[in-house]
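Listed here are the chains, written in short residue letters.
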Amino acid sequence: LGGIVLIVYSGTITKFNNDVDNGIIADLVKSELEKRNIVNNNESEFRSWDNSLMHMRMVLADNAINQDLKVAIEYQIPATSKRVDFIISGKDEHDKNNVVIIELKQWEEARRTSREGLVTTYLAGTLRAVAHPSYQAYSYAKTIENYNEYVQMSDINLYPCSYLHNYKEEYRSEIDNELYTDILK
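A few points on the structure.

So, how was this worked out
- Residues numbered from 1 in each chain as written.
- Predicted model: local features only at pLDDT ≥ 70, side-chain atom pairs only at ≥ 80, totals over all residues.
- Heavy atoms only, no water.
- Helix = DSSP H or I, 4+ residues; strand = E, 2+ residues; numbered from the N terminus.
- Buried < 20%, exposed > 50% of the residue type's maximum accessible area, 1.4 Å probe, protein only.
- Contact = heavy atoms within 4.5 Å.
- Expected span 1.5 Å × (residues − 1).

**Details of the environment of Leu53**
For step 1, the next point in the chain: Mapped onto the fold, Leu53 is located in helix α3 (residues 43-60).
For step 2, the next point in the chain: Exposure remark for Leu53: the relative accessible area of 1% places this residue in the buried category.
For step 3, the next point in the chain: Those residues in contact with Leu53 that lie beyond four places of it in its chain are Phe16, Val20, Ile25, Val29, Ser48, Ile73, Phe86 and Leu104.

The structure is reproduced here in structure tokens:
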């Protein structure tokens, strides 16, 4: 994304898949964060990398996906404390630069609220109001789009999305509720 690169892990999809298969991906992410003095000793975050990145590996193993596309994990948006969980970047069939911003969640369920950008879910053992994951990804994309000159000058398309790989189908109507139509678009 240009400028100072604040990416904890990067490589091709092939490299990423190999690192997941070899069981070292979470260790690599943790090690790189420690090198940058971003240490929180949060065992649940380490487990989430292990779990969520395995799910991303299953998605990216599709032969229809160019395995030479680039991935990045834990991209820190400059001048913020925000980190994007997962990014896929590359050119499309029209030679256009594209970046997919993926917010990973391990949630099994979430409940709608009366507020457009918020849902409730259990975090750290208690029910909390948090940003809808699609809104979170969208806010990352807008921040990057608005404050990253390289993205602006290079005419890069940003596509935010969220991947709730543990989400139970019975709760889909809560998170896909019409209240969140604009966010989901």
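**A few points about helix α4 (residues 133-147)**
For step 1, the next point in the chain: A rise of 1.5 Å per residue sets the reference length of α4, with its 15 residues, at 21 Å; its end C-alpha atoms lie 21 Å apart and thus fit the reference within 8%.
For step 2, the next point in the chain: Turning to α4, its buried residues are Pro133, Ser134, Gln136, Ala137, Ser139, Tyr140, Ala141, Thr143 and Ile144.

**Some remarks on the environment of Asn18**
For step 1, the next point in the chain: Relative to the elements of secondary structure, Asn18 occurs in helix α1 (residues 13-21).
For step 2, the next point in the chain: Residue Asn18 is classed as partly exposed on the basis of its relative accessible area, which comes to 39%.
For step 3, the next point in the chain: Taking the C-alpha atoms as reference points, Asn18 and Arg57, separated by 39 residues in sequence, lie 9.0 Å from one another.

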